[in-house]
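# Overview (structure and organization)
Residue strings, one per chain:
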Amino acid sequence: MFLGCHLSIAKGYLKAGEEALELGANVFQFFTRNPRGGKAKELNLKDLAALIELTKKEGFGPLVAHAPYTLNPASLDPKVSQFARLALKEDLERLENFPGVLYNLHPGCHLGRGEKAGLDATMELLNEVSPGFKTMILLETMAGKGTELGQTFESLKYALTKFHDQKRIGVCFDVCHVHDAGYDLVDDLEGVIAEFDRVVGLDKLMALHLNDSKNPKGSRKDRHAKIGEGQIGQEALVKIISHPLLAGRPIILETPNEPVGYAKEIRLLKDALEVKP
Ligand code: FE
Ligand code: FE
Ligand code: ZN
């Protein structure tokens, strides 16, 4: 099983990999650049090669590179969509140096023009910037806050089918978001998994974000809570990550924690799953 958390790469790629190991993780996620946007730091290929070496040696799962969450490829504002175009393209260029990494992004916000138009715009932009690059792109399941796209499995399926290369597109299942979107992970996990499989297909599921939620099911709020401190609860979260149909994907904690808090949660989950240290 690949279990880890979101980590900063401010001190470099290798440092983040070493930190993951110290926390008991065998996978992690990082932001490709400042999550609120802006320029990416210059890529240190030697440092990246050292991380790749470490992940091979230690048997890490596929790492997840998260695009800045303010990026809105569905915006009608040319400045906003131009930033999305440049950032996505530059991220994909850089990730060519990182074999096997999964590039996760939020599908964006339609800002009132409607879900279909928004999803069309996002996928058009992805189809424009991604040809020629090897990296697998993941669309994240979203809580549906405001005009957020990707709240329903149907909307993700619609987006996926628009992509030019079915081998390079998948979904990252954010547990807090799916719960906030209205799916009953607590009392009907089997039903939700069956629905995901029927609508999207479990073969498209590439990664999980494991978060508890501060708010009730269907609240469309997107406020992450620590494991066991939210409305989903530890028992349901453990059931999710031990479900055989979800097994094998990298599981990333994005709970409100500093690294020590992540180490505790990783230990807690491993204990619950009876994974040896
Ligand atoms: Fe995200
Ligand atoms: Fe997430
Ligand atoms: Zn979230």
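The model shown is predicted, which means the values in this text are computed figures rather than measured ones. (Residues numbered from 1 in each chain as written. Chains lettered and ligands numbered in written order. Predicted model: local features only at pLDDT ≥ 70, side-chain atom pairs only at ≥ 80, totals over all residues. Heavy atoms only, no water.)

We now examine the overall build of the protein chain. Along the backbone of the protein chain there are 9 helices and 10 strands. The C-alpha radius of gyration of the protein chain comes to 18 Å, within 12% of the 19 Å expected for a compact globule of 277 residues. On the principal axes, the C-alpha backbone points of the protein chain span a range of 50 × 45 × 30 Å. Expressed as a percentage of the 277 residues in the protein chain, the buried residues total 55%. Here the contacts in the protein chain between residues at least 6 apart in sequence split such that 76% fall between residues at least 24 apart. A total accessible area of about 12,300 Å² is found for the protein chain, and carbon and sulfur atoms account for 53% of it. Computed over 35 positive and 38 negative side-chain charges, the inter-centroid distance for the protein chain is 4 Å. (Helix = DSSP H or I, 4+ residues; strand = E, 2+ residues; numbered from the N terminus. Rg over C-alpha atoms; globule rule 2.2 N^0.38 Å. Buried < 20%, exposed > 50% of the residue type's maximum accessible area, 1.4 Å probe, protein only. Contact = heavy atoms within 4.5 Å. Areas by Shrake-Rupley, 256 points an atom, 1.4 Å probe, with all protein chains shown as cover. Lys, Arg positive; Asp, Glu negative; His and termini not counted. Charge placed at Lys NZ, Arg CZ, Asp CG, Glu CD.)

An α-helical turn contains 3.6 residues, so any two residues separated by three or four positions project in the same direction. Of all the positions in helix α8 (residues 234–241), only Ala236, Leu237, Val238, Ile240 and Ile241 are classed as buried. Packed against the buried residues of α8 are α6 (175–180), α7 (189–199), β7 (205–210), β8 (212–213), β10 (251–253) and α9 (259–273).

For the iron ion (ligand 1), every protein donor is listed as His66 (NE2), His106 (NE2) and Glu140 (OE), and the spread of their distances is 2.1 to 2.3 Å. Summarised as a motif, the one-chain spacing of the donors to the iron ion (ligand 1) is H-x39-H-x33-E. Between the iron ion (ligand 1) and the iron ion (ligand 2), a spacing of 3.2 Å is present, and a bridge between the two is formed by Glu140. One end of the pair, His66, is in strand β3 (residues 64–66); the other, His106, is in the loop between β4 (102–105) and α4 (115–129), with 40 residues separating them in the sequence. In this pair, the class of His66 matches that of His106, namely buried. (Donors = N, O, S within 2.8 Å, 3.2 Å for Na, K, Ca; no water.)

This part covers the sheet that holds β10. Strands sit in the order β1-β2-β3-β4-β5-β6-β7-β10 around a closed barrel of 8 strands; the barrel is parallel. Each neighbouring strand pair of the sheet contributes to a mean axis angle of 30°, computed without reference to strand direction. In the sheet, strand β6 (residues 169–174) pairs with β7 via 4 bridges, with the strands oriented parallel. Directly across from Cys172, in β7, lies its bridge partner Ala207. (Pairing = 2+ DSSP bridges. Axes fitted to C-alpha atoms, helices over the stretch in contact; angles between N-to-C directions.)

The next point concerns the nonpolar core. Counting residues in each nonpolar core, the largest one holds 84 residues, and the members touching the most others are Phe28, Phe98, Tyr103, Leu139, Phe153, Phe173 and Leu210. What Tyr103 contacts, discounting residues up to four positions off in sequence, is Thr32, Ala65, Ala67, Ala87, Leu88, Asp91, Leu92, Leu95, Thr135, Met136, Ile137 and Leu138. (Core = buried A, V, L, I, M, F, W, Y, C linked by side-chain atoms within 4.5 Å.)

Below, the discussion takes up the packing of α8 against α9. Two elements in contact, α8 and α9, have axes separated by 10 Å at closest approach and are oriented at 70°. When the axis of α8 is compared with that of α9, the two are roughly perpendicular. Between α8 and α9, the residues in contact are Gln234, Val238 and Ile241 and Leu268, Leu269, Ala272 and Leu273, respectively. Its residues assigned to classes, the contact of α8 with α9 comprises 6 nonpolar, 1 polar and no charged. (Parallel < 35°, antiparallel > 145°, perpendicular 65-115°, else oblique. Nonpolar A, V, L, I, M, F, W, Y, C, P; charged D, E, K, R; others polar.)

A few words now on the pairing of β6. The element β6 is extensively covered by neighbouring structure, given that 6 of its 6 residues are classed as buried. With burial as the criterion, each face of β6 is covered, one bearing Ile169, Val171 and Phe173 and the other bearing Gly170, Cys172 and Asp174. Across 4 bridges, the pairing between strand β5 (residues 136–140) and β6 is parallel. Its bridge partner being in β6, Glu140 is matched across the sheet by Cys172. Considered for its hand, the β-α-β crossover made up of β5, helix α5 (residues 153–162) and β6 is right-handed. (Right-handed = clockwise from strand over helix to strand, strands pointing away.)

Right, let's get into the packing of aromatic side chains. Taken as a whole, this structure holds 9 aromatic pairs when the rule is applied. Ring plane angle 90° and centroid distance 6.2 Å describe the contact between Tyr13 and Phe98, whose orientation is recorded as edge-to-face. Of this pair, Tyr13 sits in helix α1 (residues 13–22) while Phe98 sits in the loop between α3 (78–95) and β4, and the two are 85 residues apart along the sequence. (Phe/Tyr/Trp six-rings, centres within 6.5 Å; stacked < 30°, edge-to-face > 60°.)

Right, let's get into the environment of Lys15. Structurally, Lys15 is set in helix α1. Taking the C-alpha atoms as reference, Lys15 lies 28 Å from Val175; in sequence the two are 160 residues apart.

What follows covers the packing of α3 against α4. Closest axis-to-axis distance for the α3/α4 pair is 10 Å, and the angle between their directions is 40°. One element, α3, and the other, α4, form an angle in the oblique class. In this structure, the crossing between α3 and α4 has a hand that is right-handed. Here Ser81, Ala84, Arg85, Leu88, Lys89 and Leu92 of α3 come into contact with α4, specifically with Leu125, Leu126, Glu128 and Val129. Each residue belonging to the contact of α3 with α4 can be placed in one class, and the counts come to 6 nonpolar, 1 polar and 3 charged. (Left-handed = near helix turned anticlockwise from the far one by under 90°.)

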